[in-house]
Amino acid sequence: MSEARTAWGWGLASIDAAGNTLDVWYPALSLGPAPAEADRPNHNFGTLATAEADARGIRRIPVFTISQLDEPIASAEEAYLKLHLLSMRLAKPNTLNLEGIFTQLNNVVWTNYGPFAVEDFALRKADVERAATDAAQAFATQVGLPAAAPAATVNAFGVDKFPRMIDYVVPTGVRIGDADRVRLGAYLSEGTTVMHAGFVNFNAGTLGVSMVEGRVSQGVVVGNGSDIGGGASIMGTLSGGGKLRNSIGEHSLLGANAGIGISLGDNCTVEAGLYITAGTKITIWDKAKAAAGEPLEVVKGADLSGKNNILFIRNSVSGRIEARYRKIGIELNEKLHKN
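Conventions used here
Every chain's residues receive numbers from 1 upward, in the order its sequence appears when written. Under the rules for a predicted model, residues below a pLDDT of 70 receive no local features and side-chain atom pairs below 80 are neither given nor counted, while totals for whole chains, interfaces and linings still include all residues. Only heavy atoms go into the side-chain values, all of them from the structure, while hydrogens and water stay out. UniProt positions are given in the numbering used here, feature names are shortened, and annotations may be inferred rather than shown by experiment. A pair is scored as a salt bridge if a Lys or Arg side-chain nitrogen falls within 4 Å of a carboxyl oxygen belonging to Asp or Glu. Secondary structure is summarised from DSSP: a helix means a run of H or I of at least four residues, a strand means a run of E of at least two, and numbering begins at the N terminus for each. Classification of residues uses two cut-offs on accessible area relative to the type maximum, computed with a 1.4 Å probe and protein chains only: under 20% is buried, over 50% is exposed, and between them is partly exposed. A strand pair is defined by DSSP finding two or more bridges across the two strands. When two rings of Phe, Tyr or Trp (its six-membered ring) have centres within 6.5 Å they constitute a pair, described as stacked for plane angles under 30 degrees, edge-to-face for angles over 60, and tilted for the intermediate range. Each domain's extent is set by a domain assignment, obtained either automatically or from a database. Residues are treated as being in contact if the distance between any of their heavy atoms lies within 4.5 Å. Buried area: the accessible area, evaluated with a 1.4 Å probe, that two parts lose upon being put together, summed over both parts. For this scheme, ten residues count as nonpolar: Ala, Val, Leu, Ile, Met, Phe, Trp, Tyr, Cys and Pro. Four count as charged, namely Asp, Glu, Lys and Arg, and the remainder, Gly too, count as polar. In protein, a polar contact requires one atom able to donate a hydrogen and another able to accept it; more generally it is a pair of N or O atoms within 3.5 Å, and residues adjacent in sequence count only if both atoms are side-chain atoms. The span one expects for a helix is its residue count, reduced by one, times 1.5 Å.

Looking up the protein in an unreviewed UniProt entry gives the name 2,3,4,5-tetrahydropyridine-2,6-dicarboxylate N-succinyltransferase, with the organism given as Bifidobacterium scaligerum. Quoted straight from UniProt, the Subcellular location (unreviewed entry) entry for the protein says "Cytoplasm". What UniProt records for the protein under Sequence similarities (unreviewed entry) is the sentence "Belongs to the type 2 tetrahydrodipicolinate N-succinyltransferase family."

This is the structure in structure tokens:
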């Protein structure tokens, strides 16, 4: 029997007035068996930890979390630990058991003042703005300045179970145009650029240098040297109920506004605006057969899933979708991705 995979670490949890865990930040995590309680390192959170609730009604308390990586998620603390492992590049997408993550995570109002509970957000928002304004006016009086005009505003970024990745983990060697579009739990390898319209979900990401201008859905991985064009979409598994996980190999291109419900192998291209699903009827282009007037083979998209060296196009004359042999893959701009 193989040894159980384990990860552990100290986190700083935000606890609302009802005792719910809204989020947990883990500055560092370790793989392997957790040390005994007497041997645990100090969490060193200092004054970041608060025994009393702040104006949001939130207490921030240290939590020591141990997770069995192959077991379902049993708490919000463990859910955040596994999401951190992915974004810290300590675990690749689809290598952790994430069963139960939606049950354990709470819906949270994410703001510039941190997480708020949904239920009493309006009242807590007023409390925070009042407290911040009072503090600003007190400071102005202390230093002899005119009374500060009320400037404190709580801006809500969204209501969701998952926060932005870079509020918790900032991986090295990446560029992210819009932080709101990369969720905690995304795995971004060095050399990855996520442009402003790009989106990367949790338990998804890139395995090398990559350009992401489209959507990388949950469970999807993109290989080294591949490009996800503007508005392009890769079908995930969350809403469909299926277990098949789509992926893109190395040096492949998913053209602008294109999409796939199958996997692409290495050195593949899907032309702009073309969507290929498992049931799409695709004609295999054979120049010799076509010249001789012989019928061309027609297959389903699923039959070509994961195959290498294919160019998928829509014939602009006949309208049929064709798969053609492609000898080499794309090459990304080396200077552009030197992050």
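Now that the structure has been shown, the text picks up again.
A. Fine view of the pattern of salt bridges. Under the defined criterion, the tally for this structure stands at 11 salt bridges. Linking Arg 89 and Glu 190 is a salt bridge whose minimum nitrogen-to-oxygen distance equals 3.9 Å. With Arg 89 in the loop between helix H1 (76-87) and helix H2 (101-104) and Glu 190 in the loop between strand E9 (186-187) and strand E10 (192-194), this residue pair connects regions lying 101 residues apart in the sequence. Among the salt bridges present, the one from Asp 127 reaches Arg 130, with a minimum N-O distance of 3.0 Å. Taken together, the residues Asp 127 and Arg 130, both in helix H3 (residues 121-142) and 3 residues apart, mark about one turn of the helix. With relative accessibility at 28%, the residue Asp 127 sits in the partly exposed group. Of the residues examined, Arg 130 reaches a relative accessible area of 46% and is grouped as partly exposed.

B. Representation of the sheet that holds E10. A sheet is described by the order of its strands in space; here 10 strands give the open sequence E8-E10-E13-E16-E19-E21-E25-E26-E23-E24, paired in mixed fashion. Whereas interior strands pair on both sides, the edge strands pair on one side only; in this sheet they are strand E8 (175-176) and strand E24 (298-300).

C. Broad picture of the packing of aromatic side chains. Tallying each qualifying case throughout the model produces 8 aromatic pairs. Taking 5.8 Å as the distance between ring centres and 35 degrees as the angle between the ring planes, the aromatic pair formed by Trp 8 and Phe 64 counts as tilted. A residue pair is termed long-range when its members are at least 10 positions apart, and Trp 8 in strand E1 (residues 6-15) and Phe 64 in strand E4 (residues 59-68) qualify at 56 residues. Of the two residues examined, Trp 8 and Phe 64, each falls in the buried class. For the ring pair Phe 102 and Phe 162, a centre distance of 5.8 Å and an interplane angle of 70 degrees mean the geometry is edge-to-face. Note that Phe 102 is positioned in helix H2 and Phe 162 in the loop between strand E7 (156-160) and E8, a separation of 60 residues in sequence. You can call Phe 102 partly exposed: its relative accessible area is 38%. Taken together through their ring pairs, the aromatic side chains of Trp 8, Trp 10 and Phe 64 make up a single cluster.

D. Geometry of the domain arrangement of the protein. We note that the domain assignment places domain 1 (6-96), domain 2 (114-158) and domain 3 (175-336) within the protein. Averaged C-alpha coordinates put domain 1 and domain 2 at centres separated by 28 Å. At the interface, 9 residues of domain 1 touch 8 residues of domain 2. In this assembly, domain 1 packs against domain 2 so that about 650 Å² is buried in total across both faces, 65% of it on carbon and sulfur atoms. Ranking the residues of domain 1 by area buried against domain 2 places Leu 22, Ala 55 and Arg 56 at the top, with a combined share of 73%. Here the residues of the side of domain 1 that touches domain 2 are counted per class, giving 4 nonpolar, 2 polar and 3 charged.

E. Layout of the side chain of Ser 233. Along the chain, the position of Ser 233 falls in strand E17 (residues 233-234). One polar contact links Ser 233 to Arg 215, side chain to side chain, over a distance of 2.6 Å. With near-sequence residues (within four places) excluded, Ser 233 lies in contact with Arg 215, Leu 254, Ala 258, Gly 259, Ile 260 and Tyr 275.

F. Main features of H3. Helix length check: H3, at 22 residues, gives a terminal C-alpha distance of 31 Å against a target of 32 Å (1.5 Å per residue), a fit within 8%. Among the residues trailing H3, Gly 144 stands out with phi positive, at a value near 80 degrees.

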